[in-house]
Amino acid sequence: MRTDEKLPVYTAAMFASPTDECDIVMKGGVTSGIVYPYAILELARRYRFRSVGGTSAGAIAASLAVAAEYARTVRGDPAGFVRLQRYCDELPEHMPGLFQPEPRYRRLLAYLLRAQSGRSAWRLVAGLPSIAPVQAAVGAIAGAVTMWALRAGLAGILLGGIVGLVIALIAHALRLVRTDLPESDFGLCPGTDQPGGRGPALTTWLHAAIQEIAFGEDWQSSPPLTFGHLLGSSTDRQIDLRVITTNLGMGRPHTLPTLGILAAYSDPEWRRLFPGDVCDWIAARVTEPAHMPGLSSFPSSNDLPVLVAARMSLAFPLLFAAVPVHVRDFANAELQRATGATPAIQNRRILFADGGIRSNFPIHLFDALLPERPTFALSLDDLPPGMATGNQRVFIPATARHGFGLPARETGSLGGLFGSIVRAAKDWQDQLLSTMPGQRERIAHVLLSANEGGLNLTMPPERARALMHRGLEVGRRFANNALDFDEHRWRRSLVAYDQLARMSDTVHQTWTDGFGSWLLRYLTHPKSYRRLTEDDRYHMHDSLGAVADLDGAFEPGIIDADRKLPLPVGILRVTAILSGRRRPAH
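- Labelled according to an unreviewed UniProt entry, the chain appears under the name PNPLA domain-containing protein, originating from Novosphingobium rhizovicinum.

1. Overview of the environment of Leu84
- Relative to the assigned elements, Leu84 resides in helix H3 (residues 80-89).
- Of the residues examined, Leu84 reaches a relative accessible area of 1% and is grouped as buried.
- In this structure the C-alpha to C-alpha distance between Leu84 and Ala68, which are 16 residues apart in sequence, comes to 6.8 Å.
- Contact partners of Leu84, with chain neighbours within four places excluded, come to Pro37, Leu41, Leu64, Ala65, Ala68 and Ile213.

2. Re the pattern of salt bridges
- For the coordinates displayed, the defined rule picks out 35 salt bridges.
- Here Arg83 ties to Asp77 by a salt bridge, and the two come within 2.7 Å at their closest N and O atoms. Exposure class is identical for Arg83 and Asp77. Each is buried.
- Taken together, the shared-partner salt bridges in this structure form one network comprising Glu102, Arg104, Arg175, Asp180, Glu183 and Arg272.

3. Digging into unusual backbone geometry
- For the bond from Glu555 to Pro556, the omega torsion is -10°, close enough to zero to count as cis.
- Here Pro556 is to be found in the loop between helix H18 (534-548) and helix H19 (561-564).
- Put simply, Leu567 and Pro568 share a cis peptide bond, and its omega is -5°.
- With respect to the helices and strands, the residue Pro568 is situated in the segment after H19.

4. What about the pairing of strand S9 (residues 323-329)?
- With seven of seven residues buried, S9 is to be regarded as a mostly interior element.
- By the alternation rule, side chains of S9 split into Val323, Val325, Val327 and Asp329 and Pro324, His326 and Arg328, which are all buried.
- Across two bridges, the pairing between strand S6 (residues 263-265) and S9 is antiparallel. Among the inter-strand pairings, Ala263 is bridged to a residue of S9, identified as Val327.

5. Digging into helix H8 (residues 154-183)
- If you check H8, its first and last C-alpha atoms are 42 Å apart, about what 30 residues at 1.5 Å a residue would give, namely 44 Å.
- Most pronounced at Leu176, the bend in H8 amounts to some 45°.
- Taken as a whole, H8 has its buried residues at Gly156, Gly160, Gly161, Gly164, Ala168, Leu169, Leu176, Asp180 and Leu181.
- Considering only its buried residues, H8 is in contact with helix H5 (106-116), helix H7 (133-149), strand S3 (187-189) and strand S8 (318-320).
- Asp185 sits one or two residues past H8 and shows a positive phi near 55°.

6. Digging into the pairing of strand S11 (residues 375-382)
- Judged by how many residues are buried, S11 sits mostly within the fold: seven of eight residues are covered.
- One ladder, built from six bridges, connects S11 with strand S13 (residues 443-448); its direction is parallel. Looking across to S13, one finds that Leu380 is bridged to Val446.

7. Remarks on the environment of Ala368
- Structurally, Ala368 is set in the loop between strand S10 (346-354) and S11.
- Here the alpha-carbon distance between Ala368 and Arg492, two residues 124 residues apart in the chain, equals 9.4 Å.

8. Here's the deal with the UniProt feature "transmembrane region" (unreviewed entry) in the chain
- With numbering aligned to this structure, UniProt lists the feature "transmembrane region" (unreviewed entry) at residues 154-174.
- The straight-line gap between the two end C-alpha atoms of residues 154-174 is 30 Å; of that span, 100% is helix and 0% is strand.

9. Re the confidence of the model for the chain
- Residues of the chain with pLDDT of at least 70 account for 97%, and the chain-wide mean is 93.
- Of the regions scoring below 50 in pLDDT, residues 581-586 engages in 16 contacts with residues more than four places distant in sequence or in other chains.

10. Some points on the packing of helix H2 (residues 57-73) against H3
- Direction vectors running N to C along H2 and H3 enclose 150°, while the axes themselves pass 8 Å from each other. Relative to H3, H2 is oriented roughly antiparallel. Contacts from Leu64, Ala65, Ala68, Glu69, Ala71 and Arg72 of H2 reach H3 at Gly80, Phe81, Arg83, Leu84 and Cys88.
- Split into classes, the residues belonging to the contact of H2 with H3 amount to seven nonpolar, one polar and three charged.

11. Thoughts on the packing of H7 against H8
- Two elements in contact, H7 and H8, have axes separated by 6 Å at closest approach and are oriented at 145°. The interaxial crossing formed by H7 with H8 has right-handed handedness. Listed contacts from H8 to Gln135, Ala136, Gly139, Ala140, Gly143, Ala144, Met147 and Trp148 of H7 are Gly156, Ile157, Gly160, Gly161, Gly164, Leu165, Ala168, Leu169 and His172.
- For the contact of H7 with H8, the class distribution of residues is nine nonpolar, eight polar and no charged.

What counts, and where the lines are drawn
Residues numbered from 1 in each chain as written. Predicted model: local features only at pLDDT ≥ 70, side-chain atom pairs only at ≥ 80, totals over all residues. Heavy atoms only, no water. Helix = DSSP H or I, 4+ residues; strand = E, 2+ residues; numbered from the N terminus. Buried < 20%, exposed > 50% of the residue type's maximum accessible area, 1.4 Å probe, protein only. Contact = heavy atoms within 4.5 Å. Salt bridge = Lys/Arg side-chain N within 4 Å of Asp/Glu carboxyl O. Pairing = 2+ DSSP bridges. Expected span 1.5 Å × (residues − 1). Bend = angle between axes of the 7 residues up to and from the residue. UniProt positions renumbered as here; feature names shortened; annotations may be inferred. pLDDT = per-residue confidence, 0-100. Axes fitted to C-alpha atoms, helices over the stretch in contact; angles between N-to-C directions. Parallel < 35°, antiparallel > 145°, perpendicular 65-115°, else oblique. Nonpolar A, V, L, I, M, F, W, Y, C, P; charged D, E, K, R; others polar. Left-handed = near helix turned anticlockwise from the far one by under 90°.

This is the structure we're talking about:
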């Protein structure tokens with residue numbers, strides 16, 4: 001697809017009667033997220049979005065998509081997608097103004113943006129005093145005066161000035177690291193409008209976009225769009241939004257809208273990060289939790305504004321301030337009790353940051369062993385080495401072997417080593433799952449060069465629109481059956497057969513080797529979960545025994561199954577869910 005063509009103009013009638021339903025999951029990527037809007041718009045012409053999920057920039061796109069779907073499905077207003085297009089068409093010109101630092105960080109962010117533009121090392125070194133010009137001048141003058149007082153020559157005075165300047169910059173950097181950034185929750189930009197900013201900041205812009213897309217002309221008098229709004233009035237009209245955020249205090253991810261932990265927030269702290277009308281609306285619906293004076297309970301799932309969830313997911317470290325939440329620390333008290341110390345349950349202030357720290361491409365969202373409808377996944381990936389930028393930039397696996405492996409990267413520098421370690425630590429599960437049969441063919445890979453998306457906060461508008469065209473291509477190809485859903489379900493059936501056969505064989509052996517008889521004896525006097533009645537416990541035993549007997553349904557097995565069934569082989573296992581509550585699979 002040519003990126004110099006005009007983007008299409010949509011009308012409400014184009015979105016009025018979708019013929020099918022789908023789910024969609026979008027990867028994080030800061031400014032790369034500008035790929036997503038036109039993919040959403042093209043898919044929305046054919047599909048109604050039942051479930052939408054994402055991380056970071058993907059969470060922003062997800063929040064806009066559900067706002068438009070809410071307007072269409074719940075309010076009967078398909079023009080929500082037209083309003084979505086209008087907001088997103090404004091982004092290329094408005095994007096630099098979305099990233100508004102606190103006044104004390106304005107010079108630092110400006111310097112970092114100049115550094116990102118590829119200036120020479122000498123010019124970057126020479127520009128360091130611009131970060132803190134007053135401190136640099138004072139340090140240089142103090143150093144020069146000191147050497148003059150010691151009766152040094154001109155060279156000594158110049159050297160003293162340079163040393164004083166360097167010491168002043170080091171002192172400024174130490175204060176930044178030790179004091180300023182911790183005070184700002186480790187982000188230069190709070191996300192709300194700052195003095196001297198050009199246009200709305202990101203959170204302000206996103207709030208207006210979500211509200212107008214969802215509610216139309218009445219958006220300014222409407223309450224914030226919440227997860228409760230998305231539930232609609234009947235199950236067949238519900239919209240399921242899930243976004244990933246990272247709990248830095250506990251070292252784990254969460255899937256919002258549910259935290260799954262006892263939590264509260266500070267109204268003054270949140271007013272720094274969210275528009276005042278959103279904070280007012282939340283404050284009117286929450287109470288002060290027990291043992292947490294001066295705080296307000298974290299909003300319930302139904303009352304949580306979509307904006308708050310998106311902001312908790314997009315808090316990219318150092319660029320955007322993390323979102324503070326207060327918790328009752330029961331776990332440390334339990335450890336103290338277990339080790340003989342005096343237990344003390346304390347309130348702790350923890351930070352929630354970018355969901356991509358732990359799960360940047362959550363393709364596991366909405367997945368099921370046997371899918372009822374397609375779940376499209378959009379991934380933002382690096383352009384392969386040696387590939388010309390004019391080549392085809394969207395890759396959707398078409399055959400059973402496409403997407404089987406992961407691209408390899410050479411590690412030739414210390415920075416590259418560090419980056420590779422970080423990527424491997426945080427993305428390995430998402431990466432491996434994306435290569436699995438029954439998964440890889442539903443992923444559209446948009447290939448980006450180093451100067452596209454990512455942390456390129458000052459991309460020229462024409463480059464941003466080129467990325468929009470790639471999203472348009474993704475949407476059109478998926479809407480035109482780039483994912484053969486019948487073939488996809490066939491592959492998922494093969495994977496389900498293989499996994500269930502392996503699982504049933506293992507369960508049967510364990511059960512018949514003594515587990516079943518042991519459980520029958522033990523369930524007469526269990527030490528925990530006493531709310532289960534005797535009938536409950538015997539029913540559980542009989543049900544597990546029936547599962548163990550499923551082994552017979554897979555005998556005799558397929559001859560040479562390892563050579564005939566899809567590869568690589570996965571494993572069916574119990575794993576943690578990130579939402580903190582039970583969710584039935586689709």
